[in-house]
Amino acid sequence: MNYQKRGEIISLRFNQDHGCFSCAMETGLRIYNVEPLAEKAHLDQETVGSLSLCEMLYRTNFVAVVGGGAMPKFADNTVLIWDDVGQKFVLEFTFSSQVLAVRLRRDKLIVAMRNQIYVFNFPHNPTKIYTFDTRTNPKGLCEVSPLITSERQLLVFPGHKCGSVQLVDLSTTVPDMSTAPITIGAHQSEVACIALNQQGTLIATASGKGTLIRVFDTVKRNLLVELRRGTDPATLYCINFSADSEFLCCSSDKGTIHIFALKDTHLNKRSTFSKMGFLGTYVDSQWALANFTVAAECACICAFGSRSSVIAVCVDGTFHRYVFNSDGNCNREAFDVFLDVCDDSDF
């Protein structure tokens, strides 16, 4: 998630298993462990400059960064790979325009520009293998299934048609061969947020209106469930699945983290008008099982932790951990200001 600066933090991002998160900052880079909360790495401005983006590769020594902010040391059209063991940059990828997003798998590097997605082998023989043209994609929306053990290496990004998402299986796509794109018509307006589950079997999307989240089966490409965040338009910052894909959480500029059930959908709340049937699709949507609040209009990312917990990390430097149950109760278990947390141990 990239957000207009509030204080020193420019963007926040969880790693692939949501066990760590990284902060691209005006003052450099910080990486934190989630449970327990502890700083794991700290690169100062003298080393990396101010950064706009950071992408971890699980807990490995590789971290991808992109320059940005007020005091950049590197151009915003360049992705650099930092080796935390060697304490140096080991790879550099330069493009013709600004890099809007970076995603890593253990075998691939994906870079999103305004109108293209590039896929590279990584980290060995780091050559470009795919280029995909996209609809104008100002947020650099793209996600890739992280698990090496998954049957498919699914890459998703906005399709050419408004409101659509394109699905590409990197394990079967032949470079330079033209084929009809596989797409899902997710919304009538522009797609504004995308999430994949760990296995690449489910995709969640939201439009710029931010009132509905739709979850699709990526194989059959059919709609599984429609989840209602609210009735007022909102900007969604983040959507994430739980590791077992039984729950989904999202954050928005309304300052509320919503938690939905995906497996036992009867746990989700329904409208009181649902039995009357005269409000149409409005009452067919399922409302959140549980929710909790953080500072309104303070951008944050959210993900599931252990023991039915949800973590929210905000650009104001706050860390929130709430535990929820099937009755919809949600209780705060931890609160901290992570920028004040000292270095715990080596990354």
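I will try to describe carefully the structure that is included in this document. The structure presented is a predicted model; accordingly, all values stated were derived computationally and were not measured.

This part takes up the sheet that holds strand E30 (residues 330-337). Each strand in a sheet pairs with its neighbour through backbone hydrogen bonds, running either in the same direction (parallel) or in the opposite one (antiparallel). A sheet is described by the order of its strands in space; here 4 strands give the open sequence E27-E28-E29-E30, paired in antiparallel fashion. Of all the strands in the sheet, just strand E27 (300-304) and E30 have a single pairing partner and so form its edges. Averaged over neighbouring strand pairs, the angle between their axes works out to 20° when direction is ignored. For E27 and strand E28 (residues 309-314), the ladder comprises 5 bridges, and the chain directions are antiparallel. The residue of E28 that forms the bridge with Cys302 is Ala312.

By the element assignment, Ile81 lies in strand E8 (residues 78-83). Distance from Ile81 to Tyr32, taken between C-alpha atoms, is 18 Å for residues 49 residues apart in sequence.

This part takes up the sheet that holds strand E10 (residues 101-104). Taken in spatial order, the 4 strands line up as E10-E11-E12-E13 in an open sheet, and their pairing is antiparallel. Only two strands of the sheet have a single neighbouring strand rather than two, namely E10 and strand E13 (128-133). Each strand of the sheet is rotated relative to its neighbour by a mean of 15°, with strand direction disregarded. Relative to strand E11 (residues 108-112), E10 runs antiparallel, the two being bridged by 4 bridges. Each bridged residue has a counterpart across the sheet, and for Val102 the counterpart in E11 is Val111.

A full pass over the atoms with the stated rule returns 17 aromatic pairs. Judged by centre distance (5.1 Å) and plane angle (80°), the ring pair of Phe21 and Phe338 falls under edge-to-face. Of this pair, Phe21 sits in strand E3 (residues 20-25) while Phe338 is found in the segment after E30, placing the two residues 317 residues apart along the sequence. Residue Phe21 shares its accessibility class with Phe338, and that shared class is buried. Every member of this aromatic cluster is reached through a ring pair, and the members are Phe14, Phe21, Tyr32, Phe319 and Phe338. For the cation-ring pair, Arg106 lies above Tyr58, with the distance from its terminal atom to the ring centre recorded as 4.1 Å.

Attention shifts here to the nonpolar core. Counting residues in hydrophobic clusters, the biggest one holds 39 residues, and the most contacted among them are Phe21, Phe292, Val310, Val313, Phe324 and Phe338. The residues touching Val313, leaving out its near neighbours within four places in the chain, are Leu12, Phe14, Phe21, Ala299, Cys300, Ile301, Thr318, Phe319 and Phe338. Grouped together as the second largest cluster of nonpolar side chains are 19 residues, Leu53, Ile81, Phe93 and Phe120 included.

Attention now moves to the environment of Phe95. One can find Phe95 in the loop between strand E9 (88-94) and E10. The residues contacting Phe95, other than those within four sequence positions of it, are Asn77, Val79, Val111, Met113, Tyr118 and Phe120.

Criteria and cut-off values
- Residues numbered from 1 in each chain as written.
- Predicted model: local features only at pLDDT ≥ 70, side-chain atom pairs only at ≥ 80, totals over all residues.
- Heavy atoms only, no water.
- Pairing = 2+ DSSP bridges.
- Helix = DSSP H or I, 4+ residues; strand = E, 2+ residues; numbered from the N terminus.
- Axes fitted to C-alpha atoms, helices over the stretch in contact; angles between N-to-C directions.
- Phe/Tyr/Trp six-rings, centres within 6.5 Å; stacked < 30°, edge-to-face > 60°.
- Buried < 20%, exposed > 50% of the residue type's maximum accessible area, 1.4 Å probe, protein only.
- Lys NZ or Arg CZ within 6 Å of the ring centre and 35° of its normal.
- Core = buried A, V, L, I, M, F, W, Y, C linked by side-chain atoms within 4.5 Å.
- Contact = heavy atoms within 4.5 Å.

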